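Examining the three-dimensional arrangement
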Amino acid sequence: MIADMVSMSNTARLAMAMVTVAAVGLPLNGVPAHAAAPRAVVAEAVREQVADGGSATFWVTVAGRADLSGARAREGKAAKGGYVRTTLIAAAERSQASLRGFLRERRAAFQPYWIANALRVTGDRRLVDDLARRTDVVKIEPDPEVPPIVPARPEAGKARAGADPEWNIQRIKADRVWNELGVRGEGVVVANIDTGVWFQHPALLPSYRGTFSTGRVNHNYNWFDASGQCPGNTPCDEEEHGTHVMGIEVGAQQVGVAPGARWIAARAGGLDEFVAAGQWMLAPTDLTGANPRPELAPDVINNSWRVRDAPPGFYGDVIAAWIAAGIFPVVAAGNDSLGGACETMHWPPSLAEAYTVANATAGNEINPTSSRGPASDGRTKPDISAPGSGIRSTQTDGEFAEQTGTSQAAPHVAGAVALLWSAAPALKGDIAATRRLLDDTAGPIPDLSCGGTAEFNNVAGHGMLDVYKAVQAAPRADVGGLRGVVRRAGTGRPLPDATVRLSGPRSVVLTTDATGTYRLDRAVPGTYTATASAFGHAENTTSLTVRRGKTLMSDLTVRPLAATTVTGVVHRADGLPAAGAVVTPVDAPVLARTDADGRYRLDLPLGRMELRTEPADRCALPLDTSATVAAGAPINITLPLRTDAYGHTCTATGSYRAGTVALPVSGRAGAAVQVALPFAMPLYGQPYTSVWVAADGVIGFSGKPEPDWGDQLPSTWWVETLPRFTPEVAVFPFHSRLDVDAQAGVFIAETADAFVVEWRNVRTLNRVGEGRGRISFSATLHRDGSIEFAYRVAEPDGWTAGRNAVVGLTDINGDAFAYSDHDLAVNDGLGVTLRP
């Protein structure tokens, strides 16, 4: 939180993106009336927080709501979403103007939002009292704590994908929609606001909207990190919750409801982050928070989170804005009904605007933990039920595991809406009609223990989701199709990863595949404006008419822009050539790879260009540079080195050395033995004559390593989630949860100038202690302070690749060289040499 809106975080950038438009008929703001009695409702919790003279953070709801009814008359996502966003921003600009000025004068820290007419403010008792007397302030409410979205311990289950659809997929009959009706969610975009998504999972990467046909990814408009915690603004998910949820929505390999849909995601933790993510969803932006594009908004948003404490009342406005823009809001009911207690529905699932989902078991009963209604206003909740107990889906290690909760139930409904809207595009954006279809086709679960009727009650809502029945009941007959190839004008060459934006009876954004083909198998008949675009080409707009029962075949051409062949050399900062580095325009599918001397050639359009260079190994860091592309002008690039405060660097070379003497180290994490070194080994400027060798891939210099495989390199972003870490002088060749079993061992060898520690054929373990792939690795300590790591992987998987491992060095003062921290960075034959 900052004063006077000067933060340049993504959250602040989105909140500050105000557009000046015509007034929308809201009343003028009030002015301070310090002598008057309080006008606003001030929550008792806020008064208690500031009673002792300290300050607190709270939410201020401002008078006036934007009228979004005009969105109904607009066709297409771009028109609807653009109208909603512009109207909301204008309303906030007008109604908050005086209040923002007042807060600036008081030098109060605040953050304004526009998707709900509210501000998050930090201040003391005097500020609260003054705010309460203003005529433009309606409520002052506490900033509630959002419980961490941490899944239950993953349950034992199949690590690999099964040959048949999972039981939950069959229960809601999604597999029948795929196989009998030929619908898998094509043409629909789903999203979640959660702990993030590990996008690299093989069952998720192909359907990520940011994935190019070449396998490269573009996170602009497809990912938003409201927390600001993911390194490099790349999707991450250390909690493993959002990844599991997204797999249920769209995962391949028989785990997802709508595997033909595409997905985007936002990461959030606190309420302010959820509001910022809600704004972003209306009009996704690039990674800098700029250039909003409402046509790229998702069709469905899953929300598997909730607030237990009394929340501010404005979040219903966030969901109402999504609905006005034609976005379907799915919300998990929560897991707060211990033993089946009633009236345990918290927020936002208790909101009228939310389509709330209960957790059903394989026995077609509601799980005892699934939150029950009625809501606090007496409304029957939840709305529907879906499988949520023992659900197998994607994990951040590249495998699959079972989890239980309404978090798992809700994404079944999000995927079901994707199937519905794909099968019946006339429904797309019609939230009320879609809710009726889902309600009317659900299979009743007559549990009246918390009130209601057999058909609609406070335990199961309308009953078990039946997406096959819903799709059959949907208006599927009046559709046509559209298909073609986007080609380069003049040559006719097909263009992969081109974009076709369709606006008309419905709006959709299509991307061409590796052959340049775009297709929409089910489209509402009518005339569309089709705009084709591709990197290095000018946009071309034409009119296409889709007729009922017919597929229109129409190739689209785009004219190439003036271009030139750019050449250059990529070096590391130490002068070494960066062989195998990738040079590519940001957001574009074209790329060049450097040769052994670091040279590259790349055809680019003339003008200013943002280039990203990614090294082939982790000893150099990626670099984004802005350059002018001109004929005959080379573009040379120097990559920064991976380093620490002490100055360690590395090269991607290193020899595997076997130990000859077995150490008495066996079992799982915790076993360690102290051994003498044949020389004084310098590390972080201090000489050491002995080390501790631990079973979990650690060499301790300052003492015996703690038996906690979760210790992290303290200079990395993970340390914020692991405050238990105590810095130590240590070397981490492959610090993970390992099992030195009967087939494995730890060995040492020494010469006058080198000391070798080898972990041979050790078994990696997953988070619940189940055995995974085997790996061997060696660390060679040299008299001059250099260290070599080398790896042999017998059974490659996500665990042996380092998904749960750290590789690097740490010092007692918290300095660290982080070669890899929970990244897929290790492969068979890898060698790394670290030098001081």
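As a starting point, this report considers the structure included with it.

About the thresholds
Residues numbered from 1 in each chain as written. Predicted model: local features only at pLDDT ≥ 70, side-chain atom pairs only at ≥ 80, totals over all residues. Heavy atoms only, no water. Salt bridge = Lys/Arg side-chain N within 4 Å of Asp/Glu carboxyl O. Helix = DSSP H or I, 4+ residues; strand = E, 2+ residues; numbered from the N terminus. Buried < 20%, exposed > 50% of the residue type's maximum accessible area, 1.4 Å probe, protein only. Pairing = 2+ DSSP bridges. Contact = heavy atoms within 4.5 Å. Disulfide = S-S within 2.5 Å. Phe/Tyr/Trp six-rings, centres within 6.5 Å; stacked < 30°, edge-to-face > 60°. Lys NZ or Arg CZ within 6 Å of the ring centre and 35° of its normal.

So, the pattern of salt bridges
Counting across every chain of the model gives 39 salt bridges. Linking Asp130 and Arg106 is a salt bridge whose minimum nitrogen-to-oxygen distance equals 2.6 Å. Separated by 24 residues along the polypeptide, Asp130 in helix 4 (residues 125-132) and Arg106 in the loop between helix 3 (77-105) and strand 3 (109-113) bring together distant segments of the chain. You can call Arg106 partly exposed: its relative accessible area is 25%. For Asp336, the salt bridge is made with Arg306, and the minimal N-O distance between the two is 2.9 Å. Taken together, the positions of Asp336 in the loop between strand 10 (328-332) and strand 11 (355-360) and Arg306 in the loop between strand 9 (300-303) and helix 9 (315-324) put the pair 30 residues apart, joining distant regions of the chain. Residue class for Asp336 comes out buried when judged on its relative accessible area of 15%. Connected via shared salt-bridge partners are Lys77, Asp299 and Lys428.

Focus: the sheet that holds strand 27 (residues 607-614)
Judged by pairing direction, the sheet is antiparallel, and its four strands sit side by side in the order 25-24-27-28 without closing on themselves. Looking at which strands have only one partner, the edges of the open sheet turn out to be strand 25 (592-593) and strand 28 (623-629). Note: strand 27 against strand 28, seven bridges, orientation antiparallel. Bridged to Arg608 within strand 28 is Thr628.

Concerning the pairing of strand 37 (residues 745-750)
By the criterion of burial, strand 37 is predominantly enclosed, with five of the six residues buried. Strand direction decides the pairing type here: strand 31 (residues 661-662) and strand 37, joined by two bridges, are antiparallel. By the bridge assignment, Ala662 is partnered in strand 37 with Phe747. Pairing of strand 37 with strand 38 (residues 754-765) involves six bridges; the strand directions are antiparallel. In the strand pairing of strand 38, Ala749 is matched with Val756. Hairpin geometry of strand 37 and strand 38 is characterised by an intervening segment of three residues between the two adjacent antiparallel strands.

Observations concerning the side chain of Lys428
Relative to the helices and strands, Lys428 is located in the loop between helix 10 (406-423) and helix 11 (431-441). Apart from residues lying up to four places away in sequence, Lys428 is in contact with Gly187, Asp299, Trp421, Arg506, Ser507 and Val508.

Considerations on the state of the cysteines
Tallied over the entire structure, the rule returns three disulfides. A disulfide bridge connects Cys230 with Cys236, and the sulfur atoms are separated by 1.9 Å. On the sign convention where negative is left-handed, the bridge of Cys230 and Cys236, at about -75° about the S-S bond, is left-handed. Accessibility classification places Cys230 together with Cys236 in one group, the buried group.

Here's the deal with unusual backbone geometry
In this model, Trp347 is joined to Pro348 through a cis peptide bond whose omega is 15°. For the bond from Lys381 to Pro382, the omega torsion is 5°, close enough to zero to count as cis. Mapped onto the secondary structure, Pro382 falls in the loop between strand 11 and strand 12 (384-387). Phi is positive for Tyr684, close to 50°, though the residue is something other than glycine. As for its position among the elements, Tyr684 is in the loop between strand 32 (672-683) and strand 33 (686-694). If you check the backbone angles, His822 has positive phi at about 60° while not being a glycine. By the element assignment, His822 lies in the loop between strand 42 (816-821) and strand 43 (831-835). Take His822: its relative accessible area is 8%, and that puts it in the buried class.

Considering the packing of aromatic side chains
All chains considered together, the criterion is met by 16 aromatic pairs. When the ring of Trp59 is compared with that of Phe314, the centres are 4.9 Å apart and the planes differ by 50°; the resulting orientation is tilted. One end of the pair, Trp59, is in strand 2 (residues 56-62); the other, Phe314, is in the loop between strand 9 and helix 9, and 255 residues separate them in sequence. Between Phe224 and Trp280, the ring centres sit 5.7 Å apart and the planes meet at 10°, which makes this aromatic pair stacked. Here Trp280 lies in helix 8 (residues 271-282) and Phe224 lies in strand 7 (residues 223-225), a separation of 56 residues in the sequence. By relative accessible area, which is 0% here, Trp280 ends up buried. Among the aromatic residues, those joined into a ring-pair cluster are Phe274, Trp305, Tyr315 and Trp347. Looking at Arg618, its charged tip hangs above the ring of Tyr819, at a distance of 5.8 Å from the centre. Against the face of Phe747 rests Arg760, its NZ or CZ located 3.8 Å from the ring centre.

So yeah, pure geometry; function would need other evidence.
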